[in-house]
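# Close look at the chain arrangement
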Amino acid sequence: MPPKIIQLKIKRQDNPKAKPYWQEFVVPYKPLSNVISCLQDIQKNPVTQSKSTVNPVTWDSNCLEEVCGSCTMVINGRVRQACTALIDNIEQPVVLEPMSKFPVVRDLQVDRTRMFRALKKVKAWVDIDGSHDIGEGPIMPDSVRATRYTLSECMTCGCCLEACPQYTKENDFLGAATFSQVRLFNMHPTGAMEKEERLEAVMGKGGIADCGNAQACVEVCPKNIPLTDSIAEIGRDTSLQLLKNLLMK
């Protein structure tokens, strides 16, 4: 028999500079509940297990189907999406914490601006020349398209960086998600025009050479993106670029 209640223990923080603290909540059990629905129940009635009325817990979410990546948090010690964390499949009390590798905005919300700055640094896009019709694009082999589709599923959720021992708040390490996006856009026939620029961006401080190859990133990626393959490929490409720079520049 499933329990008639759901117990949650949540790590809270009132603002970016405040000290974190813990609060416990109990919500009624509902079949097929997930962590987000439990947080919504707490939001409707923000009363702790000890019967104290508190401010509602805040968190980020959007698509609720593991596409946007915004509801990433640490659930029972493992980083993942809250929308796909079904209560029936996880132990109670359900312990919720914000990701530790990003600044906390409030409660379970974190600021992932650093990830988007990294994508800008490596030009993680394909430039277009106006919006006029320029005809059909280059044909890509099915194998390349299949690989690129898998890489394109990255949600910039931050799971890989939360699990990475190399990625900290204090350093400049770009991380697996960024390296994989470099691989994605360098594989595009048009995007490859900026290949050298992207490789140069990951050859400096905080770049691919700083990866310790712990392989924790690929273990927690919710989209099963082959991040270690991307790291290996970008490592080879940057080595070749380094040789090219020595011989040609």
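The structure this text deals with has already been given above.
This text gives an overview of the structure that appears in the document.

Burial along strand β1 (residues 5-12) is one-sided: Ile6, Leu8, Ile10 and Arg12 are buried, and none of Ile5, Gln7, Lys9 and Lys11, which face the opposite way, are. Relative to strand β2 (residues 21-28), β1 is paired through 8 bridges, and the arrangement is antiparallel. Its bridge partner being in β2, Ile5 is matched across the sheet by Pro28. Sheet topology places β1 next to strand β5 (residues 94-97); 3 bridges connect them, and they run parallel. Pairing of Leu8 across the sheet is with Val94, part of β5.

Attention now goes to unusual backbone geometry. Here Gln92 and Pro93 are connected by a cis peptide whose omega angle stands at 0 degrees. Relative to the assigned elements, Pro93 resides in the loop between β4 (78-81) and β5. The backbone phi angle of Asn76 is positive, close to 50 degrees, even though this residue is not glycine. Accessibility expressed as a relative area gives 32% for Asn76, which makes it partly exposed. The residue Asn213 is not glycine, and still its phi comes out positive at about 55 degrees. Note that Asn213 resides in the loop between α6 (195-201) and α7 (216-220).

Further remarks concern the pattern of salt bridges. Think of it this way: side chains of opposite charge can pair up when their charged atoms draw near. Summed over the entire model, instances satisfying the criterion amount to 9 salt bridges. Its salt-bridge partner being Asp107, residue Arg12 comes within 3.0 Å of it at the nearest N-O pair. Of this pair, Arg12 sits in strand β1 while Asp107 sits in the loop between β6 (104-106) and β7 (109-110), and the two are 95 residues apart along the sequence. In this structure, the salt-bridge partner of Arg145 is Asp142, at a minimum N-O distance of 2.3 Å. Of this pair, Arg145 and Asp142 both sit in helix α3 (residues 142-152), 3 residues apart, which is roughly one turn of that helix. On the accessibility criterion, Asp142 (53% relative accessible area) is exposed. The network of salt bridges with shared partners includes Lys30, Asp41 and Lys44.

Secondary-structure assignment places Gln81 in strand β4. A polar side-chain atom of Gln81 sits 2.5 Å from a polar atom in the side chain of Thr72. Apart from the residues within four sequence positions on either side, Gln81 is in contact with Glu66, Gly69, Cys71, Thr72, Ile75, Met155, Cys157, Cys159 and Pro222.

If you walk through the whole model with that rule in mind, you get 2 aromatic pairs. Their ring planes at 45 degrees and their centres at 5.9 Å tell us that Phe102 and Tyr167 sit as a pair that is tilted. Of this pair, Phe102 sits in the loop between β5 and β6 while Tyr167 sits in the loop between α4 (159-163) and α5 (176-186); the two residues are 65 residues apart in sequence, bridging distant segments of the chain. Relative to Phe179, the ring of Phe173 lies with its centre 5.7 Å away and its plane at 65 degrees, an arrangement referred to as edge-to-face. Of the two residues examined, Phe173 and Phe179, each falls in the buried class. Lys9 extends its terminal NZ or CZ atom over the ring of Trp22, reaching a point 5.1 Å from the ring centre.

Rules behind the numbers
Counting starts from 1 at the beginning of each chain's written sequence and moves along it residue by residue. This being a predicted model, a pLDDT of at least 70 is required before a residue's local features are given, and a value of 80 or more before pairs of side-chain atoms are given or counted; all residues contribute to the totals for chains, interfaces and linings. Excluded from the side-chain calculations are hydrogens and water; all other atoms, namely the structure's heavy atoms, are used. Relative accessibility thresholds used throughout: buried, under 20% of the residue-type maximum; exposed, over 50%; partly exposed, between the two (1.4 Å probe, protein chains only). Helix and strand definitions follow DSSP, with helices as H or I runs of at least four residues and strands as E runs of at least two, each counted in order from the N terminus. Between any two strands, pairing holds if DSSP finds at least two bridges. By salt bridge we mean one thing: a side-chain nitrogen of Lys or Arg within 4 Å of a carboxyl oxygen of Asp or Glu. Polar contact is defined as a pair of N or O atoms within 3.5 Å, subject to the rule that within protein one atom must be able to donate a hydrogen and the other to accept it, and that residues adjacent in sequence are counted only when both atoms are side-chain atoms. We call two residues in contact when some of their heavy atoms are within 4.5 Å. Aromatic rings from Phe, Tyr and Trp, with only the six-membered ring used for Trp, were paired whenever their centres fell within 6.5 Å, and each pair was classed as stacked if the ring planes differed by under 30 degrees, edge-to-face if by over 60, and tilted otherwise. Working rule: Lys NZ or Arg CZ, within 6 Å of ring centre, within 35 degrees of ring normal, means a charge sits over the ring.

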